[in-house]
Amino acid sequence: MTYLPPINAKVTEFSTINQYLSYMQGLADEENMPYVNVYLDVGAWMNSYKLVWNHFPKIGDFHFIKENFGVTGKLVTASGFEDAVFQAGGCSTGNLHGVLAGSHYIRAWTVHSAFTEALERLLFERFITESGEEIPIVFHNASQEPFQNKSEIYARVKLLLKVLDFKNRVRNDKLGKTAQFWLSFYLDLMSIQQAAHLAVQENDFEVRHSAWKQFLPFYVALNITNYARCASYYVGILDNIDLLYPGARQLLSDNGLSVQAQDRYLLQTAVDQRGEQ
């Protein structure tokens, strides 16, 4: 890793964007690289599209995930989420705004992960009550003792399919509008959010692409103007990347979405997050 010469100007100015994109393109030409991988925050990313439509600037996944927390926060505001989190001791009232807005990144992960787990447990308890299913004894020690034979694996898959079927019926209003809301507009979105986070850690282009496509309608519906406008173009590029930029998909899939800042753990970090660290 190395650091490029600093530019003493705002990163969002058109002259600055042109300067650093031209500089990095020059470095790529010197090394005979087919593409240069540039990650920007939302302000610079938005203005870069006004300047260079023949390029493919990318917003960093750290900012992408933060914005998705903001989407989720807008959906659950005044739903009882704040009261539940505060009364459970998950977050103080002073920090709840940052959690809902996505600006408190680590705290948002902590609060939403705990709340997601609570809802999943509540939904599973309702499934057990309504279905009369009994959890096989072998499941209780599954985290310490992996399944050993086909019958144990079959029992696990059978129960999982029943749970998934129950969730689909809840999405279709089996338990009323409240349960439908929390499953369809919270748990499902958090599932996409967690998949996007894992995609960054594992440098998975396809899962990251899918997360962008699934969150895009919410940017439009909630009037998140910058993302609604630029992400529409960005997702269109991802959909047609093989046609527009031959070979770029493979380069990004190999090692172009995240970086590994240490050797102790295999999981990687978003490029823009590592830059801010």
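These numbers come from a predicted model, not from an experiment.

J.: Can you help me understand helix H2 (residues 42–51) in this one?
T.: Because each turn of an α-helix spans 3.6 residues, side chains separated by three or four positions in sequence point in the same direction. For H2, the buried fraction is high: seven of the 10 residues fall into the buried class. Regarding H2, the residues found buried are Gly43, Ala44, Trp45, Met46, Asn47, Ser48 and Tyr49. If you follow the buried residues of H2, they end up packed against helix H1 (14–30), strand E1 (39–40), strand E2 (58–59), helix H9 (205–221) and helix H10 (225–239).

J.: Hey, could you run me through a nonpolar patch on the surface in this one?
T.: Nonpolar side chains collect at one region of the surface, where Ile153, Val157, Leu160, Leu161 and Leu164 lie side by side and expose about 440 Å² of accessible area between them. As for its placement among the helices and strands, leucine 161 is situated in helix H7 (residues 150–171).

J.: Just checking my understanding: could you explain the packing of helix H3 (residues 61–76) against helix H6 (residues 105–131) for this structure?
T.: In helix packing, the relevant descriptors are the interaxial angle and the interaxial distance, both defined with respect to the helix axes. Between H3 and H6, the shortest axis-to-axis distance is 11 Å and the interhelical angle comes to 50°. The angle between H3 and H6 falls in the class oblique. In the crossing of H3 with H6, the sense of the turn from one axis to the other is left-handed. For the pair H3 and H6, the contacting residues are Phe62, Ile65, Lys66, Phe69 and Thr72 in the first and Tyr105, Ala108, Trp109 and His112 in the second. Per-class residue counts for the contact of H3 with H6 are six nonpolar, two polar and one charged.

J.: Which parts of the structure should I look at to understand helix H8 (residues 177–201)?
T.: Relative to the 36 Å expected for 25 residues at 1.5 Å per residue, H8 spans 35 Å between its end C-alpha atoms, a close match to the ideal helical length. Approximately 30° is the largest bend angle found in H8, and it occurs at leucine 183. Looking at the residues trailing H8, positive phi occurs at asparagine 203, about 55°.

J.: It is not clear to me how the packing of aromatic side chains should be interpreted in this structure. Could you clarify?
T.: The way to describe two aromatic rings as a pair is by their centre distance and the angle between their planes. Under the definition given, this model contains 21 aromatic pairs. Arranged with centres 6.5 Å apart and planes meeting at 90°, the rings of tyrosine 105 and tryptophan 109 form a pair that is edge-to-face. Of this pair, tyrosine 105 and tryptophan 109 both sit in helix H6, separated by four residues, roughly a single helical turn. Like tryptophan 109, tyrosine 105 is buried. A network of ring pairs unites the aromatic residues Phe64, Trp212, Phe215, Phe218, Tyr219, Tyr227 and Tyr234 as a single cluster.

Rules and cut-offs
- Residues numbered from 1 in each chain as written.
- Predicted model: local features only at pLDDT ≥ 70, side-chain atom pairs only at ≥ 80, totals over all residues.
- Heavy atoms only, no water.
- Buried < 20%, exposed > 50% of the residue type's maximum accessible area, 1.4 Å probe, protein only.
- Helix = DSSP H or I, 4+ residues; strand = E, 2+ residues; numbered from the N terminus.
- Contact = heavy atoms within 4.5 Å.
- Patch = residues over 30% accessible without salt bridge, like charges linked within 9 Å, V, L, I, M, F, W, Y side chains within 5 Å.
- Areas by Shrake-Rupley, 256 points an atom, 1.4 Å probe, with all protein chains shown as cover.
- Salt bridge = Lys/Arg side-chain N within 4 Å of Asp/Glu carboxyl O.
- Axes fitted to C-alpha atoms, helices over the stretch in contact; angles between N-to-C directions.
- Parallel < 35°, antiparallel > 145°, perpendicular 65-115°, else oblique.
- Left-handed = near helix turned anticlockwise from the far one by under 90°.
- Nonpolar A, V, L, I, M, F, W, Y, C, P; charged D, E, K, R; others polar.
- Expected span 1.5 Å × (residues − 1).
- Bend = angle between axes of the 7 residues up to and from the residue.
- Phe/Tyr/Trp six-rings, centres within 6.5 Å; stacked < 30°, edge-to-face > 60°.

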